[in-house]
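Overview (structure and organization)
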Amino acid sequence: MPSLIAPSILACDFARLGEEAAAAEKAGADWLHLDVMDGHFVDNISFGPAVVAAVRKRTSLPLDVHLMIARPDHFLPRFVQAGANRITVHVESEARHDVAATLAAIRAAGCGVGLCVNADTPFEAAEPFLGDIDLFLVMTVHAGFGGQKFIAENMSKVAAAADRRRHEGYSFHIQVDGGINAQTAAEARSHGADVFVAGTSVFGQADYVAAIRALRGETAPAPL
Ligand code: DX5
Ligand code: ZN
């Protein structure tokens with residue numbers, strides 16, 4: 001599968017959100033990743049549907065919405081209305097919603113269906129749902145904040161998902177999110193990941209074109 005790069009606007013200049021989204025598109029991003037946090041599911045608050053709708057007006061890139069919220073089922077219609085193209089929910093929100101029903105609701109709304117496992121969650125928690133999804137997101141940091149260090153132990157989940165994808169004939173994307181730079185993207189790619197979320201290593205860089213090319217593995221990574 002070709003590598004897709006999804007810059008996370010969490011690391012952009014929020015005061016220039018429209019320009020940042022347009023700049024990422026012009027620089028060659030494949031999707032835009034939008035991290036929604038509610039202060040309950042994770043210990044941080046980012047933005048909600050109004051900001052997704054604002055970004056929608058400024059880019060034609062697919063909007064890849066990552067819901068780190070306690071009640072994704074409840075808020076889902078508002079993100080669909082805002083213009084999300086793909087919506088990913090966490091398997092750990094299970095105490096608060098019926099994961100299978102929420103995945104079916106995302107599908108019925110016409111959006112791509114994503115399921116995420118947080119850094120401490122075993123691969124097995126997602127296994128029952130692998131036949132129902134378009135995207136499997138493996139967190140490579142603990143969800144909640146940008147700028148954290150990549151946790152390499154999560155590569156076993158990427159490998160397990162790639163193995164299941166091959167053996168069952170599934171076609172879901174395998175996405176990694178958190179601490180992704182040219183080096184860690186290459187590591188994740190070698191285990192089977194094909195979609196790379198990057199906040200700091202795109203929006204924290206001066207040259208978005210070079211940053212995206214490096215993440216895609218088109219240029220040699222800079223030495224550590
Ligand atoms: C963390 C978010 C990530 C975050 C990644 O909870 O899901 O998408 O923006 O940020 P970086 O790339 O800076 O680690
Ligand atoms: Zn994310």
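Residues numbered from 1 in each chain as written. Chains lettered and ligands numbered in written order. Predicted model: local features only at pLDDT ≥ 70, side-chain atom pairs only at ≥ 80, totals over all residues. Heavy atoms only, no water.

For the rest of this paragraph, the subject is the packing of aromatic side chains. Going through the model one piece at a time under the given rule, you end up with five aromatic pairs. The interplanar angle of 85 degrees and the centroid separation of 5.4 Å between the aromatic rings of Phe-203 and Tyr-208 together place this pair among those described as edge-to-face. Taken together, Phe-123, Phe-136, Tyr-170 and Phe-172 form an aromatic cluster joined through their ring pairs. Sitting above the plane of the Phe-196 ring, Arg-189 keeps its charged end 4.9 Å from the centroid. (Phe/Tyr/Trp six-rings, centres within 6.5 Å; stacked < 30°, edge-to-face > 60°. Lys NZ or Arg CZ within 6 Å of the ring centre and 35° of its normal.)

Looking now at the state of the cysteines. For the structure shown, the criterion picks out zero disulfides. Cys-111 forms no disulfide, and the closest cysteine sulfur to it belongs to Cys-116, at a distance of 17 Å. (Disulfide = S-S within 2.5 Å.)

Bringing the nonpolar core into the picture now. Counting 59 residues, the largest nonpolar core has Ile-9, Leu-32, Leu-34, Val-65, Ile-87, Leu-115 and Phe-136 as its most contacted members. In terms of residues, this core owes the most to one element, helix H5 (residues 155–168), which gives four residues. Not counting the four nearest positions on each side in its chain, Ile-9 is found in contact with Phe-14, Leu-17, Leu-32, His-33, Leu-34, Phe-47, Val-55 and Phe-203. Counting residues in each nonpolar core, the second largest holds 14 residues, with Ala-6, Leu-135, Ala-143 and Val-197 among its members. (Core = buried A, V, L, I, M, F, W, Y, C linked by side-chain atoms within 4.5 Å. Buried < 20%, exposed > 50% of the residue type's maximum accessible area, 1.4 Å probe, protein only. Helix = DSSP H or I, 4+ residues; strand = E, 2+ residues; numbered from the N terminus. Contact = heavy atoms within 4.5 Å.)

We now examine the sheet that holds strand E7 (residues 173–177). The sheet built from eight strands is open, its strands ordered E1-E8-E7-E6-E5-E4-E3-E2 with parallel pairing. Where the open sheet ends on each side, the last strands, each with one partner, are strand E1 (4–7) and strand E2 (32–37). With direction set aside, neighbouring strand axes in the sheet form an average angle of 25 degrees. Note that strand E6 (residues 135–139) and E7 share five bridges and pair parallel. When the sheet's bridge partners are listed, Leu-137 is paired in E7 with Gln-175. Helix H4 (residues 99–108) contacts strand E4 (86–90) and strand E5 (112–117) of the sheet and is inclined by roughly 150 degrees relative to E5. (Pairing = 2+ DSSP bridges. Axes fitted to C-alpha atoms, helices over the stretch in contact; angles between N-to-C directions.)

Turning to the environment of Gly-192, a few remarks are in order. Inspection of the secondary structure puts Gly-192 in the loop between helix H6 (182–191) and strand E8 (195–198). As a C-alpha pair, Gly-192 and Val-141 span 51 residues in sequence and 18 Å in three-dimensional space. Setting aside chain neighbours within four positions, we find Gly-192 in contact with Val-158, Ala-162, Arg-165 and Ile-174.

The next point concerns the coordination of the zinc ion (ligand 2). Every protein donor of the zinc ion (ligand 2) is accounted for by His-33 (NE2), Asp-35 (OD), His-66 (ND1) and Asp-177 (OD), and the metal-donor separations fall at 2.0 to 2.3 Å. Geometry at the zinc ion (ligand 2) is irregular, judged from its six donor atoms and the angles of 65 to 165 degrees they form at the metal. All donors of the zinc ion (ligand 2) come from a single chain, and their spacing in sequence reads H-x1-D-x30-H-x110-D. With a gap of 31 residues between them, Asp-35 in strand E2 and His-66 in strand E3 (residues 63–68) connect regions that are remote in the sequence. Take Asp-35 and His-66: they sit in the same class, and that class is buried. (Donors = N, O, S within 2.8 Å, 3.2 Å for Na, K, Ca; no water. Tetrahedral: all angles 85-135°; square planar, octahedral: opposite > 155°, others 65-115°.)

By nearness alone, 20 residues border ligand 1, and Asp-35, Gly-144, Asp-177, Gly-199 and Thr-200 come closest of all. Between ligand 1 and the protein, one listed contact pairs an oxygen atom with a side-chain N or O atom of His-66 at 3.4 Å. Here an oxygen atom of ligand 1 sits 2.8 Å away from a polar atom, N or O, in the main chain of Gly-199. Relative to its unbound accessible area of 380 Å², ligand 1 is 99% covered by the protein chains. By residue number, the principal contributor to the shell around ligand 1 is E2, which donates three residues. Class assignment of the residues belonging to the shell around ligand 1 gives a composition of eight nonpolar, 10 polar and two charged. (Near = heavy atom within 4 Å. Polar contact = N/O pair within 3.5 Å; in protein donor to acceptor, adjacent residues only side chain to side chain. Areas by Shrake-Rupley, 256 points an atom, 1.4 Å probe, with all protein chains shown as cover. Nonpolar A, V, L, I, M, F, W, Y, C, P; charged D, E, K, R; others polar.)

Another aspect to go through is the pairing of E7. Taking burial as the measure, the five residues of E7 include five buried ones, the bulk of the element. What you see with E7 is no split at all: His-173, Gln-175 and Asp-177 on one side and Ile-174 and Val-176 on the other are buried throughout. Regarding topology, H5 serves as the crossover connection from E6 to the parallel E7, and that connection is right-handed. Sheet analysis places E7 next to E8, joined by three bridges and oriented parallel. Its bridge partner lying in E8, Gln-175 is registered against Val-195. Remark: the E7/H6/E8 crossover connection has right-handed handedness. (Right-handed = clockwise from strand over helix to strand, strands pointing away.)

Shape is all these values report; function is a separate question.
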